[in-house]
Protein chains: 2
Amino acid sequence: MKNIRLTDLERYVQEIMEKMGLTAEESRIMADIYMETTKRGVGHHDIYNLPSRLEALERRTVNSAPEFKRLSSFGALEQWDGDNGLGELVCHHSMERAIALAEDHGIGLCAVRNSNHYLCSAPYVLQAARRGYIGFIIAKGVPTMGVPGAKGKVVGQSPIGYAFPAGGADPVMLDICLAYVSGEQLARMAADRLTVPGWWGVDRDGRETDSAEALAEGTKYGIGEHKGFGLAILCELLTGVLSGGLILDQDEEKPGIKARSTSHTAIAVKADGLMSREEYDRRSRELTERIRARAEEVHIPGDASWQSKRELEEKGEIVLSDTLADRLIEYGGRYGVSFLYH
Amino acid sequence: MKNIRLTDLERYVQEIMEKMGLTAEESRIMADIYMETTKRGVGHHDIYNLPSRLEALERRTVNSAPEFKRLSSFGALEQWDGDNGLGELVCHHSMERAIALAEDHGIGLCAVRNSNHYLCSAPYVLQAARRGYIGFIIAKGVPTMGVPGAKGKVVGQSPIGYAFPAGGADPVMLDICLAYVSGEQLARMAADRLTVPGWWGVDRDGRETDSAEALAEGTKYGIGEHKGFGLAILCELLTGVLSGGLILDQDEEKPGIKARSTSHTAIAVKADGLMSREEYDRRSRELTERIRARAEEVHIPGDASWQSKRELEEKGEIVLSDTLADRLIEYGGRYGVSFLYH
């Protein structure tokens, strides 16, 4: 394990992104996103994913200089092409557009096709919440999720998330997928040979299993079975279909570059569109206070992230695994970016 | 069991609503809603709920002549007061407003406070889908749902639903709540002394249970535990907070009439806002075809409803329980509306 200062990690992300061909502003956005997610302290969907981005940029499977193009618009709706750019930059842009539309219309929806892995929902929905908007985002990937009664993987597990300002308190923030467990969490559980609840899905032969390994090789179910499955179908519509991108399991080769199956849809709602900012602050704060008053031990989505963030910022440093540190050092060496730990 | 012709049932609903003081147009809307839901063939959240509405109208706990008032608006957002009207009429109005806003802005959101039980999501989201909009609706009730780790009922179980046009095929339609089981379904299971999966919730002492009766007296969990719970918090925000209505478990007496804790929020998206109608039809149809192609036995949300509807319309009649028939006869006798069965 290596201790690294947060300021050094932030500088590393920004510098290596610039070396990889991103603009200074894009590199700044990437650094913000990776610091925001890493401070949540979950150990996945954060800095641990950075090497995969560096690899993709190096191998040019992701476009380091994408030109986002608006394909279509109507009122508070927009459709864009992400030009096979980093999912993080595409989603940041998508939420910026949704916010701009919501500024004019009270609500805005921006669907973007031809993107890549977006890391997780938190940074983009917080981007909205910190500016006074209720932010919601959906990511579309390949089918990984099934439903009891039908054999096989039918729909994407639909990573989704929201955040809303809560009157002076930290924003409320949820960052989930519609399966019982995310791919990365399950892979870790499988590596540790852990058991999983039998209702999370089935093994490769369609039999109930309590083995994380067998589930990882099998099919995950949506939360609440047909409920999560049904919500995932709406997510497929709002992303792949509305973005003009690839639909469900469609896979299309384009000359030169493979079209990406990933689409994203960002929605923003002006929190104080229907009441004064003071009233919204008071009412949203009252919602969180009433939730906490109903059950002493209750966690509001985001609580754990904010606590982790406060603790890490107080310490000013974070512990990373040797494997991750080694890979960051390796990329840093190749591109002339120092990586400091003690 | 009684066989009743669908045309007779429809006439009965319309006539008795007029006798209860609704306008002809409102009575027509109520008849449409009760026929639409009853033809789904689920046996709850349909005609079986009509006696409770007749009772509420008779006792004047629900306002038979509400005046819906627009309280606030901004771009594609509107906030209304339902004036303690029937939830069905409030939701129908709310979706009409969302559609009108989406016609201009591509997307529209209408939040209404001071409403009553809306029956279920299906009729309102279909109202949107049949006119070329993606419809989404959320209903807010009192807290009935908890989350592991916190004792007690914290949030509403958030009935939600969506429907979208699918290019010539029947609309795709989901009508669920965010608990594993709805209140009415669980009450029936409890009456039949059935067992439930242990992860659906806990008994009144907070212990895991497989008894439907014990669960009905205890606390249901959200689907996917913290996931459904977290989504329900967003639903509380979008309904109670944005509508200006009662927040979470707030209960407020107003002079003369008790304010209702029920709020509704309808969202509509113009399906062909970002592409031609032909392209939307083709793409949405392709989504459903690709889902069916991935697993032979898969059901798309709404499949069962459309099959039941076709079968019932072919037969032209429906079987109702004696208990329900007796209550409809009783109310009919009191208000001079005949009820015919054979």
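Caption draft 1: Quick look at the overall build of chain A. On a plain count of helices and strands, chain A comes out with 11 helices and 13 strands. Overall size of chain A, expressed as C-alpha extent along the three principal axes, is 55 × 50 × 50 Å. Counting the 342 residues in chain A, one finds 61% classified as buried. Put simply, 68% of the contacts in chain A that link residues at least 6 apart link residues at least 24 apart. For chain A, the distance from the average site of its 41 positive side-chain charges to the average site of its 51 negative ones is 1 Å.

Caption draft 2: Looking closely at the pattern of salt bridges. Tallied over the entire structure, the rule returns 64 salt bridges over all chains. In this structure, B:Asp249 and A:Arg290 form a salt bridge, with 2.8 Å as the shortest nitrogen-oxygen distance. Of the two residues, B:Asp249 sits in the loop between helix H8 (226-243) and strand E12 (262-270) while A:Arg290 sits in helix H9 (residues 277-294), which places them in two different chains. The exposure class assigned to B:Asp249 is partly exposed, which follows from its relative accessible area of 24%. Look at the salt bridges and you will find they share partners, linking A:Asp249, B:Arg282, B:Glu286, B:Arg290 and B:Arg294 into a network.

Caption draft 3: Region of interest: the packing of aromatic side chains. The final tally for this structure, using the stated rule, is nine aromatic pairs over all chains. Summarising the aromatic geometry, the rings of A:Tyr162 and A:Phe164 are spaced 5.9 Å apart at their centres and angled 10 degrees between planes, so their arrangement reads as stacked. Classification of A:Tyr162 as buried rests on a relative accessible area of 1%. Residue classification places A:Phe164 among the buried positions, given a relative accessible area of 0%. Positioned over the ring face of B:Tyr331 is B:Arg334, at 4.9 Å from the centre of the ring.

Caption draft 4: Representation of the relation of the copies chain A and chain B within the structure. It takes a turn of 180 degrees to lay chain A on chain B, together with a shift of 0.0 Å along the axis; the resulting RMSD is 0.0 Å. As the rotation angle and translation indicate, the two copies are arranged about a two-fold axis. When each C-alpha of chain A is compared by its distance to the rotation axis, A:Ile223 comes out closest, at 2.7 Å. A high fraction, 100%, of the interface residues of chain A reappear at the interface in chain B, so the copies pair face to face through one surface.

Caption draft 5: Main features of the sheet that holds strand E3 (residues 77-81) of chain A. Residues and elements named next belong to chain A. Taking strand neighbours across the sheet as the criterion, the seven strands line up as E2-E3-E4-E12-E5-E8-E9 in an open arrangement whose pairing is mixed. A single partner strand is all that each edge strand has here, and the edge strands are strand E2 (69-74) and strand E9 (169-176). The average angle at which neighbouring strand axes cross in this sheet is 15 degrees, direction not considered. Pairing analysis gives five bridges linking E3 to strand E4 (residues 107-115), with the strands arranged parallel. Bridged to Trp 80 within E4 is Val 112. Its contacts with the sheet put helix H5 (residues 122-129) on strand E5 (133-140), strand E8 (160-166) and E9, and the angle it makes with E5 is roughly 160 degrees. Contacting E5, E8 and E9, H9 runs over the sheet at an angle of about 115 degrees to E8.

Caption draft 6: Highlighting the state of the cysteines. Applying the stated rule across the entire model yields zero disulfides over all chains. You can see A:Cys110 has no disulfide; the closest cysteine sulfur is in A:Cys91, sitting 9.6 Å from it. Just so you know, B:Cys177 is unpaired, no disulfide at all, and the nearest cysteine sulfur is the one on B:Cys235, 11 Å from it. Look at B:Cys177 and you get buried, because its relative accessible area is 5%.

Caption draft 7: A look at the confidence of the model for chain A. Per-residue confidence for chain A gives a mean pLDDT of 95, with 97% of residues at or over 70. Model confidence for the complex: the whole-complex pTM is 0.97, and ipTM, which rates the interface, is 0.97.

Caption draft 8: Here's a closer look at the sheet that holds strand E7 (residues 150-155) of chain A. All names here are of chain A. Taken together, four strands build an open sheet; the order of strands is E7-E6-E11-E10 and the sheet is mixed. Looking at which strands have only one partner, the edges of the open sheet turn out to be E7 and strand E10 (201-202). Sheet topology note: the E10/strand E11 (residues 219-221) ladder contains two bridges and is antiparallel. Note that in E11 the partner of Gly 201 across the bridge is Lys 220. Relative to the sheet, helix H8 (residues 226-243) contacts strand E6 (145-147) and E7, its axis offset from that of E6 by approximately 130 degrees.

Caption draft 9: Structural context of unusual backbone geometry. Even without being glycine, A:Arg193 reaches a positive phi, approximately 55 degrees. Among the secondary structure elements, A:Arg193 is positioned in the loop between helix H6 (183-191) and E10. A positive phi angle is found at B:Asp83, which is not glycine, with a value near 55 degrees. Examined against the element boundaries, B:Asp83 turns out to sit in the loop between strand E3 (77-81) and helix H4 (87-105).

Caption draft 10: Region of the structure containing the pairing of E5(A). Residue and element names in this part refer to chain A. Of all eight residues that make up E5, seven are buried, and the element is covered over most of its length. Alignment of E5 against strand E12 (residues 262-270), held across eight bridges, turns out to be antiparallel. If you follow Ile 134 over to E12, its bridge partner there is Val 269. Sheet topology note: the E5/E8 ladder contains four bridges and is antiparallel. Looking across to E8, one finds that Ile 138 is bridged to Ile 160.

Caption draft 11: Highlighting the interface of chain A and chain B. With 76 residues of chain A at the interface, the matching set in chain B holds 76 residues. Scanning the region where chain A abuts chain B turns up four salt bridges. Our count for the contact surface shared by chain A and chain B stands at 25 residue pairs in polar contact (both at pLDDT 80 or more). For the side of chain A that touches chain B, the leading source of residues is H8(A), giving 13 residues. For the side of chain A that touches chain B, the per-class residue count stands at 45 nonpolar, 17 polar and 14 charged.

Caption draft 12: How the structure looks around the packing of helix H1 (residues 6-19) of chain A against helix H2 (residues 24-38) of chain A. Residues and elements named next belong to chain A. Relative orientation of the contacting elements H1 and H2 amounts to 140 degrees, with a least axis distance of 8 Å. Here H1 runs over H2; the crossing is right-handed. Residues Leu 6, Leu 9, Glu 10, Val 13, Gln 14, Met 17 and Glu 18 of H1 pack against Ala 24, Ser 27, Arg 28, Met 30, Ala 31, Asp 32, Tyr 34, Met 35 and Thr 38 of H2. Looking at the contact of H1 with H2 residue by residue, the class counts come to nine nonpolar, three polar and four charged.

The rules behind the values
- Residues numbered from 1 in each chain as written.
- Chains lettered and ligands numbered in written order.
- Predicted model: local features only at pLDDT ≥ 70, side-chain atom pairs only at ≥ 80, totals over all residues.
- Heavy atoms only, no water.
- Helix = DSSP H or I, 4+ residues; strand = E, 2+ residues; numbered from the N terminus.
- Buried < 20%, exposed > 50% of the residue type's maximum accessible area, 1.4 Å probe, protein only.
- Contact = heavy atoms within 4.5 Å.
- Lys, Arg positive; Asp, Glu negative; His and termini not counted.
- Charge placed at Lys NZ, Arg CZ, Asp CG, Glu CD.
- Salt bridge = Lys/Arg side-chain N within 4 Å of Asp/Glu carboxyl O.
- Phe/Tyr/Trp six-rings, centres within 6.5 Å; stacked < 30°, edge-to-face > 60°.
- Lys NZ or Arg CZ within 6 Å of the ring centre and 35° of its normal.
- Least-squares fit on C-alpha atoms with pLDDT ≥ 70 in both.
- Pairing = 2+ DSSP bridges.
- Axes fitted to C-alpha atoms, helices over the stretch in contact; angles between N-to-C directions.
- Disulfide = S-S within 2.5 Å.
- pLDDT = per-residue confidence, 0-100.
- Polar contact = N/O pair within 3.5 Å; in protein donor to acceptor, adjacent residues only side chain to side chain.
- Nonpolar A, V, L, I, M, F, W, Y, C, P; charged D, E, K, R; others polar.
- Left-handed = near helix turned anticlockwise from the far one by under 90°.

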